[in-house]
Amino acid sequence: MDNHLRYQASSDSAAMSAKSPPEGANWRDFITVTKPGIIRSNLLAAFTGYWLASGWDVEYGKLILTLLGTMLVMASACVFNNYFDRDLDMKMERTRERGLPTGRLKPQTVLIYAIGLGIAGMIVLFAFCGMLAGLFGIVGVFVYVVVYTLWLKRTSTWSTSVGAISGAMPPVIGYVAVTGKVDMGAWLLFATLFLWQPPHFWALGIRRKEEYRAAGFPLLPVVKGVRRTKFQMIPYVALLIPVPILMYMYGYAGIFYLVISTALSLMWLLLNLKGFRAKDDEAWAKKSFFFSINYLMVSLIVLVLDTVHI
């Protein structure tokens, strides 16, 4: 009996040592919680909006302030998202090692961080970029944090489509910081980012659907299935095709952007149509996901380079 107790005690001690308390947070945790991948792509979109509205006649000081304010506001929304999703992130393999689920970051610290970033971002936008830029910043944070994170993400398959409103704000913020008004250019930039997001995210959702199912997210591939998701991706990608045509017709961009962006939209549409014959849905979804990343980056860069001079 004594030997058994000694063995049990040593086993318990080993188990406790294996489950050592989490290390303290470092600067990487504070960067990661802002979702830098999202910020990078949306900063490119904000830069594109500012550049398009400027028509190569760029006020660089204001551009830097616009990007700073947009970055801070986006970072705030992402940190709020991590704060409210910390319980769900513990259930997903790709998110359970983040600072909050592991305990390296304390919830109260993250909440204060999110509020501070948001206040700083709003001050920059309202003070230096104009009333409309600040208002669109508020819309972006509200939709992402309240409508998407706290409501639809937990209750509805519409979360991806409605949440795309928030992701479409950065280029509009950049645009109105120059023009001070919402015109066709702002709407076309909004359409580009709004239509791009659902098929991009659903491709990821198809690849990770079992993780989302285990975490309890009512994502479209989980609730309606992969085939229904493929059908729903088609109209979003198809509606991207007229965007470069209208950009060209309204005199915002030149022929190179028209040709390249239209070709990319058609290629993405063809790839998604091929998805109905795919034997391996995960492999196809991976191709669509990475194509969507390249689609957005190339389209925005070409739009910047082929912006019509004022």
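Bear in mind that the values here come from a model prediction, so they are computed numbers and not experimental data.

A.B. asks: What is the right way to read the overall build of the protein from this model?
C.D. replies: Broken down by element type, the protein carries 17 helices and zero strands. Put simply, the protein has 310 residues, and 50% of those count as buried. Considering only residue pairs separated by 6 or more positions, the protein has 74% of its internal contacts joining residues 24 or more positions apart. As displayed, the protein offers around 15200 Å² of accessible surface, 67% of which is attributable to carbon and sulfur atoms.

A.B. asks: Would you take a moment to explain the state of the cysteines for this structure?
C.D. replies: Each disulfide is one covalent bond, formed between the sulfur atoms of two cysteines. If you walk through the whole model with that rule in mind, you get zero disulfides. Free cysteine cysteine 78: the closest other cysteine sulfur is in cysteine 129, separated by 19 Å. The exposure class assigned to cysteine 78 is buried, which follows from its relative accessible area of 3%. On the basis of relative accessibility, which here comes to 3%, the residue cysteine 129 falls in the buried class.

A.B. asks: What exactly am I supposed to notice about the pattern of salt bridges here?
C.D. replies: Opposite charge on two side chains permits pairing when their charged atoms draw close. This model, assessed by the stated rule, comprises seven salt bridges. Salt-bridge contacts for aspartate 29 lead to arginine 104; the nearest nitrogen and oxygen are separated by 2.8 Å. In this pair, aspartate 29 sits in helix 2 (residues 27-32) while arginine 104 sits in the loop between helix 6 (99-102) and helix 7 (107-129), placing the two residues 75 residues apart along the sequence. We classify aspartate 29 as buried; its relative accessible area is 6%. Between lysine 230 and aspartate 281 there is a salt bridge whose closest N-O contact spans 2.6 Å.

A.B. asks: So what exactly am I meant to see when it comes to the packing of aromatic side chains here?
C.D. replies: Working definition: an aromatic ring pair is given by the centre-to-centre distance plus the angle between the planes. Within this structure, the stated rule accounts for 14 aromatic pairs. Both rings, one in phenylalanine 289 and one in phenylalanine 290, keep their centres 5.3 Å apart while their planes meet at 80 degrees; by these two values the pair is edge-to-face. Taken together through their ring pairs, the aromatic side chains of Phe47, Trp51 and Trp56 make up a single cluster. The residue whose ring lies beneath lysine 230 is tryptophan 284, and the NZ or CZ to ring-centre distance is 5.2 Å.

A.B. asks: Got a minute to help me understand helix 9 (residues 159-167) in this structure?
C.D. replies: Since there are 3.6 residues in each turn of an α-helix, residues three or four apart along the chain are aligned in direction. Counting buried positions along helix 9 yields seven of nine residues, so the element is predominantly enclosed. Residues of helix 9 that are buried: Ser159, Thr160, Ser161, Gly163, Ala164, Ser166 and Gly167. Those residues of helix 9 that are buried lie in contact with helix 3 (36-54), helix 8 (131-155), helix 10 (169-179), helix 11 (184-207) and helix 14 (226-240).

A.B. asks: Got a minute to help me understand empty space enclosed by the protein in this structure?
C.D. replies: Any empty space left between atoms is shown by rolling a water-sized probe over those atoms. Within this structure, the stated rule accounts for one cavity of 30 Å³ or more. A volume near 50 Å³ is recorded for the largest cavity. Along its surface, the largest cavity is lined by Tyr148, Lys153, Ser159, Phe201, Tyr212, Phe217, Pro218 and Leu219. Across the lining of the largest cavity, the residue classes tally to six nonpolar, one polar and one charged.

A.B. asks: Even after reading the chapter, I still don't get the packing of helix 15 (residues 242-249) against helix 16 (residues 255-274), so can you show me in this structure?
C.D. replies: When two helices pack together, their arrangement is given by the angle between the helix axes and by the axis-to-axis distance. Interaxial distance between helix 15 and helix 16 falls to 8 Å at its minimum, and their mutual angle equals 175 degrees. With respect to helix 16, the axis of helix 15 lies roughly antiparallel. Residue-level inspection shows Val243, Pro244, Ile245, Met247 and Tyr248 of helix 15 in contact with helix 16, the latter providing Ile255, Tyr257, Leu258, Ser261 and Thr262. Residue composition of the contact of helix 15 with helix 16, grouped by class: eight nonpolar, two polar and no charged.

A.B. asks: Can you walk me through unusual backbone geometry in this structure?
C.D. replies: Both trends apply: most residues other than glycine have a negative phi, and most peptide bonds are in trans. You will see that lysine 35, though not glycine, has its phi angle at about 55 degrees, which is positive. In this structure, lysine 35 sits in the loop between helix 2 and helix 3. On the basis of relative accessibility, which here comes to 15%, the residue lysine 35 falls in the buried class. Located in the positive-phi region is tryptophan 56, a residue other than glycine, with phi close to 75 degrees. In this structure, tryptophan 56 sits in the loop between helix 3 and helix 4 (60-84). Given the relative accessible area of 32%, tryptophan 56 is considered partly exposed.

A.B. asks: Mind showing me how you'd approach helix 17 (residues 281-305) here?
C.D. replies: Helix length check: helix 17, at 25 residues, gives a terminal C-alpha distance of 36 Å against a target of 36 Å (1.5 Å per residue), a fit within 8%. The distance from a side-chain oxygen at the start of helix 17 to the backbone nitrogen of glutamate 282 is 3.1 Å, and the residue carrying that oxygen is aspartate 280.

A.B. asks: Help me out: how do you make sense of the nonpolar core in this one?
C.D. replies: Among soluble globular proteins, nonpolar side chains are generally buried collectively. With 86 residues, the main nonpolar core has Tyr175 and Met247 as its most contacted residues. Among the elements that take part in this core, helix 11 stands out by supplying twelve residues, more than any other. Excluding its chain neighbours within four sequence positions, the residues that come into contact with methionine 247 are Leu52, Gly185, Leu188, Leu189, Tyr252, Ala253, Tyr257 and Leu303.

A.B. asks: Whenever I open this one, the side chain of serine 159 confuses me. Can you help?
C.D. replies: Note that serine 159 resides in helix 9. Assessed through its relative accessible area of 4%, serine 159 is described here as buried. With residues near it in sequence (within four places) discarded, serine 159 still touches Tyr148, Leu152 and Lys153.

About the criteria used
Here the residue numbering is sequential within each chain, running from 1 through the sequence in written order. In view of the model being predicted, local features appear only for residues whose pLDDT reaches at least 70, and side-chain atom pairs are presented and counted only at 80 or more, with totals across whole chains, interfaces and linings using the full set of residues. Derived side-chain values reflect all non-hydrogen atoms in the structure, with water molecules and hydrogen atoms excluded from consideration. In DSSP terms, a helix is any run of H or I states spanning at least four residues, a strand is any run of E spanning at least two, and both are numbered starting from the N terminus. A 1.4 Å probe rolled over the protein chains alone gives each residue an accessible area, and that area as a share of the maximum for its type sets the label: buried under 20%, exposed over 50%, partly exposed in between. In what follows, a contact means two residues having at least one pair of non-hydrogen atoms within 4.5 Å. Per-residue accessibility takes into account occlusion by the displayed protein chains alone, with areas from the Shrake-Rupley method and a 1.4 Å probe. Note on terminology: pairs of cysteine sulfur atoms within 2.5 Å are recorded as disulfides. By convention in these notes, a salt bridge is any Lys or Arg side-chain nitrogen within 4 Å of a carboxyl oxygen on Asp or Glu. Two rings from Phe, Tyr or Trp (for Trp, the six-membered ring) form a pair when their centres sit within 6.5 Å of each other. Planes less than 30 degrees apart are called stacked, planes more than 60 degrees apart edge-to-face, and all others tilted. Lysine NZ or arginine CZ positioned within 6 Å of the ring centre and within 35 degrees of the ring normal marks a charge as sitting over the ring. Grid points spaced at 1 Å over the protein atoms alone were grouped into cavities, where a 1.4 Å probe fits but cannot get out, and pockets, open sets with protein on both sides within 12 Å along at least five of seven lines, with lining residues defined by an atom within 4 Å of a point. Grid points are joined across faces, edges and corners, and a volume is the space filled by probe spheres set on the points. Classification used: nonpolar for Ala, Val, Leu, Ile, Met, Phe, Trp, Tyr, Cys and Pro, charged for Asp, Glu, Lys and Arg, polar for all others including Gly. Comment: axis = line fitted to C-alpha atoms, over the contacting stretch for helices; angle = value between 0 and 180 degrees taken between N-to-C directions. Orientation is classified from the angle alone, with under 35 degrees giving roughly parallel, over 145 giving roughly antiparallel, 65 to 115 giving roughly perpendicular, and any other angle giving oblique. In this scheme, a helix's expected span is set at 1.5 Å multiplied by one less than its residue total. The term polar contact refers here to a pair of N or O atoms within 3.5 Å; inside protein, the definition further demands a hydrogen-donor-capable atom paired with an acceptor-capable atom, and it admits residues adjacent in sequence only when both atoms are side-chain atoms. Nonpolar core, defined: a set of buried Ala, Val, Leu, Ile, Met, Phe, Trp, Tyr and Cys residues in which side-chain atoms within 4.5 Å join the residues together.

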